[in-house]
Amino acid sequence: MKRILILFLVTSFTGFISCELKEELFDTIGPETFYKTERDAQAAINGAYAFIAPMYKRDGIAAILYSADDITYNSKSGNEAIIAEKRGDPSTLYFKTIWDNSYAVINNANLVLKYVPNIDMDPNTKNRILGEAYFLRGYMYFNLVRFFGGVPIKTKSTEDTDNLHQPRSSVEDIYKQIFDDLKKASDMMPEFSEQPESEFGRATKGAAKSILALAYLTHEDWAQAKQYADEVINSGEYSLVTDFGRLWDVKQERQNYQEIIFAVQYVRDNLVSFLPSVGSDIVYRCIPNTAEGYTGHPAHGSGTGVLQVHPWFYDFCTTGQYLGDYRAEKSFLTVWKAWDEADPDGYKRSYPDTLGAQTEPFPYIAKYIDPDGLDHRNHENDLIIIRFAEILLIKAEAENELNNGPTPEAYAAFNQVRSRARNAGDSIRITPPDLALSLSKEEFRQAIFNERGVEFLGEGHRYFDLLRMKHSSGKTMYEYMLNEYLPTLPDDKKRAEHLIYNSRNHLLPIPLEEIQTNSAIGNENQNPGY
Amino acid sequence: MEEILKEIENQSEYYFLFNQKLVDITRKVNIQVTDKQIDEILAEVFNGTNVDYVIIDRQIVLSMSEYLADVKTKLHSRSIKGKVSDESGVPLPGVSILLKSTTRGTITNLDGEYTIEIEDLPSAVLIFSFVGYLTREIPVGNQTILNVNMAPDLIGLEEVIVIGYGSLRKSDLSGSVSSVDIEDMSSIPVFSADQMLQGQVSGVHVTTQNGAPGSGLIVTIRGGNSINASNQPLYVIDGFPIDPSEGFFPGIEYQAHIEEKNLNPLATFNPNEVESIEILKDASSTAIYGSRGANGVVMITTKTGKTKSSIINPGKVEYKFRTDISNLPKQIEMLSSREFMEYRNEAYILDGKLPPYTQAEVDSFSVVNTNWQDLIYQTGHSQDHQLIFTNADDLTNIALVGGYTSQHGIIKNSKLERYSIRANILRKFKNKFETGVNFSASRTSSRMVLQSSTSGRTGSSVIAGALYFPPINLPYDEYGKIFKDPDILDSPLIVVEEVKDDYTIQNMFAVLFGEYTILPGVTLKAELGTHNTNTLRQMYYPSGTYVGQNGGSAYRADGWNYSLLSNNTLNINKTIHSFHKINAVVGYTHQWWISNYISNRASNFINDNLTYYYFQGAENSEKPRTHTTKSGLASFIGRINYALMDKYIFTITGRADGSTRLGEGNKWAYFPSGAFAWRISEEPFFDPIKQISNLKIRTSYGQTGNQSIPPYRTKSTLVAKPSISGGQQVTGFVAGNFGNPDLKWEVTSQIDVGLDIGLLNNRLSVSFDYFIKNTRDLLISLPIPLSTGFSSYWTNIGEIENKGFDLEFNANILSRKLGWVISGSWSTYKNKVLDLGTAEAVYGNNWYSSAALFSQPLHIAMVGEAVGSYYGYKFDGIFQNEDEVNNSSQPYARPGDYRFVDLNGDGAITADDRTILGNNIPDFIFGLRNNLSWRGFNLYIFIQGSIGNEIINFNRYAIDGLAAGIEYINVSRKAYENRWTGEGTSNTYGHLRSDNLLFDRKLNDILVEDGSYIRLKNVSLSYNIQLKKLNWLKTLDVFINGANLLTLTDYTGYDPEVSAKETPLEPGVDLGVFPQPRIWSFGLNIGF
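Please read all numbers here as calculations on a predicted model, not as lab measurements.

(A) A look at the overall build of chain A. Helix and strand counts for chain A come out as 19 helices and ten strands. Here the C-alpha radius of gyration of chain A, 26 Å, is about what a compact globule of 530 residues would show, namely 24 Å. Here the C-alpha coordinates of chain A stretch approximately 105 × 60 × 50 Å along the principal axes. Evaluated residue by residue, chain A yields a buried proportion of 65% over its 530 residues. In chain A, 69% of the contacts between residues at least 6 apart in sequence involve partners at least 24 apart. Accessible surface, chain A: about 19,000 Å² in total, of which carbon and sulfur atoms supply 51%.

(B) Layout of the nonpolar core. Counting 185 residues, the largest nonpolar core has Tyr56, Phe135 and Ile178 of chain A together with Ile227 of chain B as the members making the most contacts within it. Counting the residues that make up this core, at least three belong to each of domain 1 (8-189 + 508-525) and domain 2 (282-381) of chain A. Ignoring any residue separated from it by four or fewer positions in sequence, one finds Ile227 of chain B in contact with Leu778, Ile780, Ile800, Leu836, Val842, Ala861, Val867, Pro1064 and Leu1065 of chain B. Membership of the second largest hydrophobic core comes to 66 residues, among which are Ile482, Tyr541, Phe999 and Leu1071 of chain B.

(C) Quick peek at helix H16 (residues 441-455) of chain A. Residues and elements named next belong to chain A. Between its terminal C-alpha atoms H16 stretches 21 Å, which fits the 21 Å expected from 15 residues at 1.5 Å a residue. Burial analysis of H16 places twelve of its 15 residues in the buried class, which makes it a mostly covered element. All of the buried residues along H16 are Lys441, Phe444, Arg445, Ala447, Ile448, Phe449, Asn450, Glu451, Arg452, Gly453, Val454 and Glu455.

(D) Region of the structure containing the interface of chain A and chain B. Taken together, the 87 residues of chain A in the interface contact 87 residues of chain B. Buried area between chain A and chain B, both sides added, is near 7,400 Å², and the carbon and sulfur share of it is 60%. Scanning the region where chain A abuts chain B turns up zero salt bridges. There are 19 residue pairs in polar contact (both at pLDDT 80 or more) connecting chain A and chain B. At the level of secondary structure, the elements contributing two or more residues to the side of chain A that touches chain B comprise helix H1 (2-17), helix H2 (31-34), helix H3 (38-49), helix H5 (79-84), helix H6 (93-115) and helix H19 (512-517) of chain A. Residue contributions to the side of chain A that touches chain B peak at nine residues, all from H6 of chain A. A breakdown of the residues in the side of chain A that touches chain B according to their chemical character gives 39 nonpolar, 29 polar and 19 charged.

(E) Representation of the side chain of Ser445 of chain B within the structure. By secondary structure assignment, the location of Ser445 of chain B is in strand S26 (residues 433-447). Other than its neighbours up to four places away in sequence, Ser445 of chain B contacts Lys415, Leu416, Glu417, Tyr503 and Thr504 of chain B.

(F) Region of interest: the packing of aromatic side chains. Residue and element names in this part refer to chain A. Counted under the stated rule, the structure contains 73 aromatic pairs over all chains. Their ring planes at 10 degrees and their centres at 5.9 Å tell us that Tyr216 and Tyr228 sit as a pair that is stacked. Residue Tyr216 is found in helix H9 (residues 205-218), and its partner Tyr228 is found in helix H10 (residues 222-234); the two are separated by twelve residues along the sequence. On the basis of relative accessible area, Tyr216 is assigned to the buried category, the value being 3%. Seen in terms of ring centroids, Tyr314 and Tyr351 are 5.9 Å apart; in terms of plane orientation they differ by 85 degrees. Their pairing is edge-to-face. Of this pair, Tyr314 sits in helix H12 (residues 311-318) while Tyr351 sits in the loop between strand S6 (347-349) and strand S7 (364-365), and the two are 37 residues apart along the sequence.

(G) Local environment of the sheet that holds strand S17 (residues 240-242) of chain B. Residue and element names in this part refer to chain B. Spatial ordering of the open sheet is given by S13-S20-S21-S16-S17, a layout of five strands whose pairing is mixed. The open sheet is flanked by strand S13 (177-180) and S17, the only strands paired with a single partner. For this sheet, the mean inter-axis angle between neighbouring strands, taken without regard to orientation, is 25 degrees. Two strands pair when backbone bridges link them, and strand S20 (residues 274-280) and strand S21 (residues 297-302) are joined in this way by six bridges, in the antiparallel orientation. Bridging from a neighbouring strand, Ser276 pairs with Thr301 of S21.

Thresholds, definitions, all that
- Residues numbered from 1 in each chain as written.
- Chains lettered and ligands numbered in written order.
- Predicted model: local features only at pLDDT ≥ 70, side-chain atom pairs only at ≥ 80, totals over all residues.
- Heavy atoms only, no water.
- Helix = DSSP H or I, 4+ residues; strand = E, 2+ residues; numbered from the N terminus.
- Rg over C-alpha atoms; globule rule 2.2 N^0.38 Å.
- Buried < 20%, exposed > 50% of the residue type's maximum accessible area, 1.4 Å probe, protein only.
- Contact = heavy atoms within 4.5 Å.
- Areas by Shrake-Rupley, 256 points an atom, 1.4 Å probe, with all protein chains shown as cover.
- Core = buried A, V, L, I, M, F, W, Y, C linked by side-chain atoms within 4.5 Å.
- Domains from an automatic or database assignment.
- Expected span 1.5 Å × (residues − 1).
- Buried area = accessible area lost by both parts, 1.4 Å probe.
- Salt bridge = Lys/Arg side-chain N within 4 Å of Asp/Glu carboxyl O.
- Polar contact = N/O pair within 3.5 Å; in protein donor to acceptor, adjacent residues only side chain to side chain.
- Nonpolar A, V, L, I, M, F, W, Y, C, P; charged D, E, K, R; others polar.
- Phe/Tyr/Trp six-rings, centres within 6.5 Å; stacked < 30°, edge-to-face > 60°.
- Pairing = 2+ DSSP bridges.
- Axes fitted to C-alpha atoms, helices over the stretch in contact; angles between N-to-C directions.

If you want it as structure tokens, here you go:
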């Protein structure tokens, strides 16, 4: 019996010893213990970038493209249809994706700015990483202000319950933050040529200055816009790729960074398939579903073809000054190899109906093609945010606005873009011609607007151009195009229900989730019209 | 010695017989005796040896005592026969008869007769015991025939109830505890132990998540306390508390979103292993489980060797067999192919658009007319085999159960298979010490078909898909193979036939215990238990399916959960001076959990042959995801139950719990409770009132807690996220959780007032409780502004109140040849959010978001309303003409559009016009059981119902929305035929539209339906065949049962007993939920 009593005492006693209640963490680590070495710092800045690719992959790019007047959507359902029909509302998922990913980037950039300074590491690398964090924060606020107007400003990482609820700041304050961050970034980051190869694709001094130029332009701060555009041009880091077509050759993507200044990085992902992969998705949306050999679709390399261009815009890019423009040839997909078992060598055609063999009423975009994609939502194609051609056009536009009319410098910058457009690979074309030297300020501005439309089709600039630039009547181009110009066109040149003007669409709605949860932003603070 | 034996032979007439190998005759012994009996002399001679003797006539046989025991008994025994009957002379079968102070016993046969061999001692006493009757001890004397009448005990009062860390006579209870009548379940199709709870006890609300084999039930006791933390009760199996996360199957975020699954611990538990189920409801009963008691406690005790009526069981083997067939009670009528195309054309023409189909297309496409419901449903069938061995005597107690169940659901390929074994063994040593083990192991594997998809990917949900999928789509290709087109969503047929989603859960459970009696009534008990749960989820989407289009896609998740428990208690059970009765326990308990899982995904296989079995054959495979957590709970417990003169009962309970999951400084909490009960019927002044045999008033108050949140929520964490640098994929680290270092317990205070009444010798007993539960510091995953970079964090805010009534009754209406017992339960409660702190409201998730069909929450928790109330727009009919439009808040509407109430009167319908549209909480629920018995026949009828709850029939959102712009959704015939076609034609269904605005994309009260139902849950008829002639076969019962035979309801969906999600905040949505099948069963129970 005594033995049993001893056994009891022992078990009870061991029970008491094990009574320690400290929480042991095995598979997670907290910020206070993570940031120790240079590798940790790199992981942290890479983490801040990590939200940009998913933001643009499907939702962000769809929100930008379908909000404009050139791109249309071929189905009646889905978030894309809602956006294309210009009736997005605070519950539209894709708008929320932009909002929450932007703030995720900002919060993680703030973590970098808080913790990386204390890491004992190479000061140059540290500076570079901190510069990138400023860049990401500034760039995100630039996106946010263009989409949503004044938004809450967060310059500290969220680590406790203080300041969870921030009101919307004024648009002016946001721009102040943007300029501030991007200037710091531009000071701290190296030029593209000095960037370590292992960091290729991340932001550089040139990227910061380019976004600064665009931000100042958007803010109508013409002198600053011109100054930063000039700094990028004069840095000698970037130049136009001689052949516009080559820019869209995914096999030469790395070399195209002579022109590409900053782009959202996508790589073919052999670990994860489809939407969650770090590969690009836009290819799948641009290529028609009858095509063969254009995408990574396992069966036949086709896409969904949900991204289409209104016929009026095709006409616009291929007539007048742009008649025979090489860029239209490289930007539009109107003839494609068809996936058809019965006719293995067959082709399909869309608008324009040149050969009387048209099978589809809308043309497609040809800029994003990657037959080597690992699956149909997993391609190599980077999404260009800003490239040297745009810097030239920013300079031209800033000069024009600054001097109340185009200067020779403005013409020179503008015509550099046109001159490249005439270089059709192995031949030099005569169109588009250099700009006539007698344009008024309004005419020159219109020319820039037009040029940007042709040059950047499918690159996500059009919606912002429409909102930013003014028609000679003084209205925004957005209101002019949707409300006045496009309604005059015949019905077969457009999908009219996608071109309905509503003044509220000058801004996207603040997502419902933010309004529901943020005690400092109520329905009364929503953007007008939502 | 040799000399002594010789001397005895000389001096007496006896002589000895013995074997010299066994009896040592060389031993030296000194004795001196005169005038003594031979027994006394021999006892002295062999004192201190193991030699015994038997005197037969003049011979004395000497041998070792163990060889002589039987001989001695036979020589001196005689047989006693008799008949045991009740007061009115009706024979009582199964009465146990034990010879006092021995292990010898028997039980009476079907006619109440018994025979027992006893030693022929004048002092022999037989003990007759039978549950429900007073135990009798009768001296045998010289009788050989002993007929006994047994007097009934006050029914049920002496029943012993298992409560936490001990047991108590029911009459000594001061808290609110209900027991489930397990015996009723023997002839109804119960596949898992959780199904035994439904409708059986008051205050327990069981919602079938769906009718799929192997899916668990949602059990709520006395209303939900919490918004985000679990509302599940604590399950305690043989004293071992089970953590709800132990049945966790990780899910995946994918093309099609596959939800995680958490099975309640009873969902895989063989119901035949259950001996009793007790539900602890009030704070006094649950406080002993402290931090986990707030949602109530379900105590499961597994089988022992004792039979139901007796502590002695000479050994019984039972074989039970049951087979079922089941089918879908109804279909929902959808449009045929031709009608579907005509409907879409009509919609487009009305909107002045080109119709999508030409007449020629309508004619040619309507050749295909697929009824997807026909293709996915089948007649289900199942079988169940159980082999049970029980045996008990004074010292040992053994129960062995082996079971096999196989179940095929009414959806093709949905199935479940379970193997289980259990061994419960207990052994006593010398009255002071007993030890034993309860061991069980089981393996349950099931194929789940994806039923519900809240993301709105219609193809991934088979039940919603069978409604939505257009009839013009082909099920099979021209070669008879299932038609697959990876560019469109999978047809429901593909989902049931080709997609595999297989779950396996293996449970191993062992509780080892020892109990030592220090003093009479004072015992020390130590228990050591381990529980292993291994879960495996394997999925395969073959190539050609939507998810598997890239050469097939496989997913596998292995979960390892381990829990270790140590309980050490000192129990005191003493009666002092016959009127102080003390039942007390103090102890220390410690439990910890380790949970591990790894999941892998691979795609692009060479072919589909090896499905999910061979990841090496994949071209692409993801990084595995791994997860490890450890958490622990240390507690001190104490309870004292003191009954004074059996009239005044006081209980004080307390538990101190420390948890690893909570913030520093908030880890420990104390959960006290107290209760008082007064048995008025025991008072002398009550004696004249003969009709009332029992009257007890109970009252209790106490606090309990809830800590069931995911671990590590007190810490901010970083997580890995893929990024790109240098043209390569790299790993970035980003903010993961937003931790809250101040996280503490959710605390529930509960007041309970109860009344137990027994009438007419307790032939009618009623138990009634009123309770108020107040939960504060709610553990909420509080959404925070997305601009923080996070979407939510765990915090303690707010307050919820539940109050209501529970009623149970049992009436023995007839107990003669025809027996009739009615019993039932009735409960009601109201749930209300009293406070939400800084939050204005907590919303549910957005439903149907990825397909952008809805993208809004359906639920809200707001002050003054029930948690998870439905939140949407008030429907105000259909605009009949332009005038109505012009005078409305919807200036852009057209006649035929839905009109909503502009609640805030601002002239527009905005999100601010949303209001509460109902909730899932019934006005009351009830269960009514009828048991009729006559000559071996037993008829059991169980009716169960829920009145006054609402359901969001979210299937209708798509199929009644009449938005022909969505080409992949068919519509219901009812909506189509009742559509608005002009002024005065309809005020409920709108006009056809060529866009995709289902119900104007607003949840409104047309979709919120009354979910009341009354259901004939079970009717079973069993017959006990009398087998007097057969020795080898003791009992044979045969039965047939029909389940879910009749349902009275106005609900228009498949089944009102539904919930697509089990989260407390999002109840009551019918979105592709597996309906309850109608089941016919046949079975037999054989006893050997």
